[in-house]
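# Commentary on secondary and tertiary structure
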There are 2 protein chains.
Amino acid sequence: MTALDNAALRAVATAANGEQDRRAEIYRSAARIFHRKGYHATSINDIAAAVGLTKAGLYYYIKGKQDLLFAIMGFAMDQLDEQVIEPARRVQDPQARLETIVARHARLITQDSSALTILVNELEGLLPDDRADIIGRQRDYVDFIADTLAALRDEGKVVDLDPTVGAFSLVGMILWISRWYRTDGRLDGDEVVAAVTRMAISAVLSRGDYTSAGNPEETG
Amino acid sequence: MTALDNAALRAVATAANGEQDRRAEIYRSAARIFHRKGYHATSINDIAAAVGLTKAGLYYYIKGKQDLLFAIMGFAMDQLDEQVIEPARRVQDPQARLETIVARHARLITQDSSALTILVNELEGLLPDDRADIIGRQRDYVDFIADTLAALRDEGKVVDLDPTVGAFSLVGMILWISRWYRTDGRLDGDEVVAAVTRMAISAVLSRGDYTSAGNPEETG
DNA sequence: GCCAACCTACCGGGCGGTCGGTAGACTACT
DNA sequence: AGTAGTCTACCGACCGCCCGGTAGGTTGGC
């Protein structure tokens, strides 16, 4: 549960350690509550109460509700960059790179999905400039996956798959984990990560013997 | 854009046709605005203005904001039942049934994603009883897909895939379409539906020659 | 004259955010 | 040692605004 410590460390490189801890706790709590209730349904009072402050006291640490949201999403994006994209960039083989992307992204979500889920669900709560910033970084991520799929296609391992559609579909599969995965569920985090990774790879690799089993095009 | 006509038809089986049309327009507008801005960020005034009424005038047609949301989600669930689940139930072969489910659900989303997207994104805006109702129906849908995957496994077409994880992953892939598909984009709706359906089937069918290309388990 | 289909005006309340304070730890100077 | 000053870390009270919702009309077609 120390997921947001780095965010605060990055946000404030000035003051003493006590303030660091307090601010980190605020970001962490806010992420958890935004995740559970949604950004607009969460009041500043909710967050203040969760960290044992009054609303006015909370404002000593934060600039406003929207800044809080932007900081959380920026942290999530940083996490994605550092834990998923950068490690994957160092993997040359396209299939292994794709496995790295999916497995690492999925693992982040099973570990702590709050910030990463807010990142995709609360975009419209941001100011236009902030939103453009986050959307740009998200697009870079999807492009990175699409490029990897294109490389797989150039290797002949993939036929008839649009890289962009493929990238979006894999991302959808991964992000959805945060909606159904429960820490206390039947499968543990590693099992879920392995299962989803296997599905993702299987989804993009070509099967020579694939044929449709029926015609789903008939309309009702 | 007549997606919500049936909702109003079902909701009010009483009055004249003029009222029907007006109410249908309200539900349709509300769905579109909830979809674009989110439920909590949408005010009753926004909806009233969109249909050319004042707030008080709107209340002649609706009972309240939460009822509006529940009606929209109920309509989306009805759509899913009628356009996806019922047709798929009549398909015996498991692979063909899965193709039917994915293709039909994906097509609904490419045609009009408003209500179906609200259905999954705004659950916490509902009253507890309403939420339990919707969640139950959603669970039935996932179970239906999981049962189909289990049948595929019994046929030997699928190995090593947990039906529940598989069902959730496919649903995630499908629902995510509403986030990236644009009517005026590079691919048209049918192409997107075909591409996603092919990926979905490929994701769950076993490949005898599948091996991991690398080890994504190394941690950073 | 009646009723469906609206409107204007208003209500209580909660929201994000701010203001003016202040307890207490710590420092500086005598 | 005493005390005046300073700064961090808060709090109670308040602001203006907008929200969902309502009361009590008004109007136009039958």
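All figures in this text were calculated on a predicted structure; none of them were measured in a lab.

Calculation criteria
Along each chain, the written sequence defines residue order, and numbers are assigned to residues from 1. Chain A is the first chain written and ligand 1 is the first ligand written, with later ones labelled in order. For this predicted model, a pLDDT threshold of at least 70 governs which residues receive local features, and a threshold of 80 or more governs which side-chain atom pairs are given and counted, while totals over whole chains, interfaces and linings are taken from all residues. Only runs of H or I of at least four residues qualify as helices and only runs of E of at least two qualify as strands under DSSP, and these elements are numbered from the N terminus. Our exposure labels follow a C-beta count within 10 Å of each residue's own C-beta, placed from the backbone: buried means 20 or more other C-beta atoms, exposed means 12 or fewer, and partly exposed covers the counts in between. Contact between two residues is assigned whenever their backbone-derived C-beta positions fall within 7 Å. Amino acids are sorted into nonpolar (Ala, Val, Leu, Ile, Met, Phe, Trp, Tyr, Cys and Pro), charged (Asp, Glu, Lys and Arg) and polar (every other residue, Gly among them). Using a C-beta atom placed from the backbone for every residue, we mark a residue as near a molecule or strand if that atom lies within 6 Å of it. Each residue after the first adds 1.5 Å to the expected span of a helix. We define the bend at any residue as the angle between the axes fitted to the seven residues before and including it, ending there, and the seven starting there. For every domain, the bounds stem from an assignment made automatically or drawn from a database. Our superposition of the copies is a least-squares fit, built on the C-alpha atoms of residues whose pLDDT is at least 70 in both.

With that settled, consider the overall build of chain A. When you go through chain A residue by residue, the secondary structure sums to 11 helices and 0 strands. Ordering the α and β elements of chain A from the N terminus gives α-α-α-α-α-α-α-α-α-α-α. Classification of the 220 residues of chain A by burial places 43% in the buried group. Once local pairs closer than 6 in sequence are excluded, the contacts in chain A between residues at least 24 apart make up 65%.

Contact residues are listed per partner, giving 42 residues for chain A and 43 residues for chain B. For the side of chain A that touches chain B, the secondary-structure elements that each account for two or more residues are helix H5 (65-89), helix H6 (94-111), helix H9 (163-175) and helix H11 (189-204) of chain A. Split into classes, the residues belonging to the side of chain A that touches chain B amount to 22 nonpolar, 13 polar and 7 charged.

A few words on the protein's contact with DNA strand C. Surrounding DNA strand C, one finds 20 residues, the nearest of these being Ser43, Gly64 and Lys65 of chain A together with Ala56 and Gly57 of chain B. Split into classes, the residues belonging to the surface near DNA strand C amount to 8 nonpolar, 7 polar and 5 charged.

Compared with the 36 Å implied by 1.5 Å per residue over 25 residues, the 35 Å span of helix H5 (residues 65-89) of chain B between its first and last C-alpha is a close match. The sharpest bend along H5 of chain B measures roughly 35 degrees and falls at Asp81 of chain B.

Residues and elements named next belong to chain A. Entries for chain A in the domain assignment read domain 1 (5-58) and domain 2 (65-204). With centres defined by C-alpha atoms, the gap from domain 1 to domain 2 works out at 25 Å. Between domain 1 and domain 2, the contact holds 12 residues from the first and 12 residues from the second. Among the residues forming the side of domain 1 that touches domain 2, the class breakdown is 8 nonpolar, 3 polar and 1 charged.

Each copy of the sequence occupies a distinct position, and chain A is placed on chain B by a rotation of 180 degrees and an axial shift of 0.0 Å, giving an RMSD of 0.1 Å. When the rotation and shift are considered jointly, the pair of chain copies conforms to a two-fold rotation axis. Residues of chain A ranked by C-alpha distance from the rotation axis are headed by Ala203 of chain A, positioned 1.9 Å from it. When the interface residues of chain A are mapped onto chain B, 100% of them again fall at the interface, so both copies present the same face.

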